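If you want the building blocks of each chain, they are given just below.
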Amino acid sequence: MNGHNRHEKIEIQELPTFYRFPFIKVNVIDDVEQIDFLLSGHFTVEDMTGECGLDSLIGEARWRVAVEASAPAKFQYGISIHEFFQPQQAEKLAGKLQGKGYEPKIQTFGYQWQLGEDRRFKNSSYRVFLDGFPTIREARRIQRHLVDFYQPTIYKYRAREARGVIEMFDVNYNQSIKCSGPIKLTPRERNSVISLLNILGRSDVMEFPDLYNIQFRINDIGKLQCVAEMDIEAYVGGLLTVQYQENYPDSYLETLAITMRSWVAANWGRLHKGEAYQFCSTDHCYYLSGLGTQPRRVLDIVKETKGFVLTCEGEICNTPSHLVCGGHTEKLENISDSDPKSYLKAFFDRDGYEPPPEVPVRLDNEEAIEIWINSKPDVHCNFSRKKDVENFQKFRQYFRWEIEYARHELEEIISKKTEEEIGTLYDIIPLKRGKSGRLLEVEILGSRQNVKLVGDQAVREAFAEERLPSSCFIIRTEMDEHGIPTAFVFFGAGNGDGIGMCQLGAISKAFSGQPAMEIVSHYFGDSVRLEKLPLT
């Protein structure tokens, strides 16, 4: 910290303005050594400058793209302090931080979409942050000074881009191209198809017909990633295909199509700032397995709902969903370091939102959350209480869950995920819970040092190789005869952060005969409106 810049005006970037809705770029494959693919149709191949390439690829052929040489990116750490929806509020907080001797910055996310002369949608946010920390330990030291006033979260960002050479060649090595940067394939005619083969050892094929283009790039660790560009309706169809099951009611599929489209439109340019794509194919966004063969019902639902999104107060609504809420959703501002949204609230997932009779009204304390997790309340996502609904095991296993670790096993995970050596793990202390009982702050007690974690994501990631199903959990500690922990058992509720729509709850409501907009109103409130917009 130093105070020499405390009175400087902090620059805020202008939002990009679109007069037609932009294409969607999705990171469909990441962290692979090579990608084999088939081309059907007519394509041009070039680097991103257009300077090196192949004039034309016609007909069916098998190709491979691989990294010939690379150097990974270098990283530093930053602290996201708060995200506002109005720039004036961001400037006010930044001024306060300057007065305390910090050097904050403001990052702009989102876009403006101008529809004719009279109407404009503005989906934007303004994040106040600190950056330039070479280690996570230094970032945590500053985070501790801020946590009593804000909900600061630590993130990692690139201080230097990855570099390398990509080679693309046909299997007979008759044609090849090398570029010190991304390679882009662009179809020259309709009905051209790119088929990606044997992804991560799987035998399935990812087909991409009628793309705008596809790019092969070097990712942060020096491996390949593949970014596909498409329009929003093609993307929604691909997302819905991944989610699809034959026994889903139509009203649930309609709800998914509308809320997914709204979520995509609201989050363009917000989730992967600084990347070559707007969305990824992981549970951070939504999984995408190609745009090829889609069930007839999916095609029909996407066509019937084409262009329909949810709007509120001059913006397209950010309408996230999660697999299973566990019986209670969470409000946006508790999970993310942002201002609240009127349509993203915390409530018991029941008609009327009243708590079940056997559980406490408030779940933000340890006594209440133990009762809650050990109960099986009558809520929409508790399918064990529903006699007329078929088995949905991929959902039901997360309504209440249990994970056990030996102490040494959990110590290794914590060390790897937090980049801190805690020594012997003595205890994990809950410090703060949200409305749904999800943990927002915990302290890890170790023989060498204690580590404080802030935020739902940090908590979930610290105690699992990937991440825990949710941060709504309690822990039972098993001890040896000397009072030293030997094992930690996590008992939890739900899968996901709890923001927005509970997918299993929405399925339950659809099976009970509720139409799509009743389901939408239950999860996002009566202030949202259904509108058809010219997205393509």
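Everything below is about the structure printed above this text.
A brief report on the enclosed structure follows. (Residues numbered from 1 in each chain as written. Predicted model: local features only at pLDDT ≥ 70, side-chain atom pairs only at ≥ 80, totals over all residues. Heavy atoms only, no water.)

### Quick look at the packing of aromatic side chains
Scanning the entire structure with this criterion turns up 22 aromatic pairs. A ring pair is formed by Phe18 and Tyr111, whose centres lie 6.0 Å apart and whose planes are at 45°; its orientation type is tilted. You can see Phe18 sitting in strand β1 (residues 17-18) and its partner Tyr111 sitting in strand β8 (residues 105-115), a full 93 residues away along the chain. Grouping residues by exposure puts Phe18 and Tyr111 together as buried. (Phe/Tyr/Trp six-rings, centres within 6.5 Å; stacked < 30°, edge-to-face > 60°. Helix = DSSP H or I, 4+ residues; strand = E, 2+ residues; numbered from the N terminus. Buried < 20%, exposed > 50% of the residue type's maximum accessible area, 1.4 Å probe, protein only.)

### Some details on the pattern of salt bridges
Across all of its chains, the model carries 29 salt bridges by this definition. Between Glu46 and Lys184 there is a salt bridge, with the nearest N and O atoms lying 3.8 Å from each other. On the criterion of sequence distance, the pair formed by Glu46 in strand β4 (residues 42-47) and Lys184 in strand β13 (residues 183-187) is long-range, its members being 138 residues apart. A relative accessible area of 17% places Lys184 in the buried class. With a closest N to O distance of 3.8 Å, Lys331 and Glu333 form a salt bridge. Note on Lys331: relative accessible area 23%, which makes it partly exposed. (Salt bridge = Lys/Arg side-chain N within 4 Å of Asp/Glu carboxyl O.)

### A short note on the nonpolar core
Membership of the largest hydrophobic core comes to 102 residues, with the highest contact counts inside it found for Ile24, Val28, Ile35, Phe37, Met168, Leu185 and Leu196. Here this core gets 10 residues from one element, more than from any other, and that element is helix α4 (residues 250-267). With sequence-adjacent residues up to four places away left out, Leu185 is seen in contact with Phe37, Leu39, Phe43, Thr44, Val45, Met168, Ile194, Asn213, Ile214 and Phe216. With 21 residues, the next largest nonpolar core counts Trp401, Ile413, Leu425 and Ala464 among its residues. (Core = buried A, V, L, I, M, F, W, Y, C linked by side-chain atoms within 4.5 Å. Contact = heavy atoms within 4.5 Å.)

### Let's talk about the sheet that holds strand β11 (residues 163-170)
Spatially, the six strands line up as an open sheet ordered β12-β11-β6-β3-β14-β15, and their pairing is antiparallel. Each of the sheet's edge strands pairs with one partner strand only, and the pair in question is β12 (176-179) and β15 (205-209). Direction aside, the axes of adjacent strands within the sheet are offset by 20° on average. (Pairing = 2+ DSSP bridges. Axes fitted to C-alpha atoms, helices over the stretch in contact; angles between N-to-C directions.)

### So, the environment of Gly498
Here Gly498 shows up in the loop between β27 (485-493) and β28 (501-502). With 60 residues separating them in the primary sequence, Gly498 and Arg438 have C-alpha atoms 8.5 Å apart. Not counting chain neighbours up to four residues away, the residues in contact with Gly498 comprise His322, Thr329, Glu330 and Arg438.

### As for the packing of helix α11 (residues 503-511) against helix α12 (residues 516-524)
The interhelical angle for the contact between α11 and α12, taken along N-to-C directions, is 140°, at an axis separation of 10 Å. Crossing handedness for the pair α11 and α12: right-handed. Across the interface between the two elements, Gly505, Ala506, Lys509 and Ala510 from α11 touch Ile519, His522 and Tyr523 from α12. Classifying every residue of the contact of α11 with α12 by side-chain character gives four nonpolar, two polar and one charged. (Left-handed = near helix turned anticlockwise from the far one by under 90°. Nonpolar A, V, L, I, M, F, W, Y, C, P; charged D, E, K, R; others polar.)

### Describing the sheet that holds strand β20 (residues 315-316)
Pairing is antiparallel across the open sheet formed by three strands, whose spatial order is β20-β19-β29. Two strands lie at the open edges of the sheet, namely β20 and β29 (529-532), each paired on one side alone. Against the sheet, α4 contacts β19 (308-312), β20 and β29, and its axis sits at roughly 60° relative to β19.

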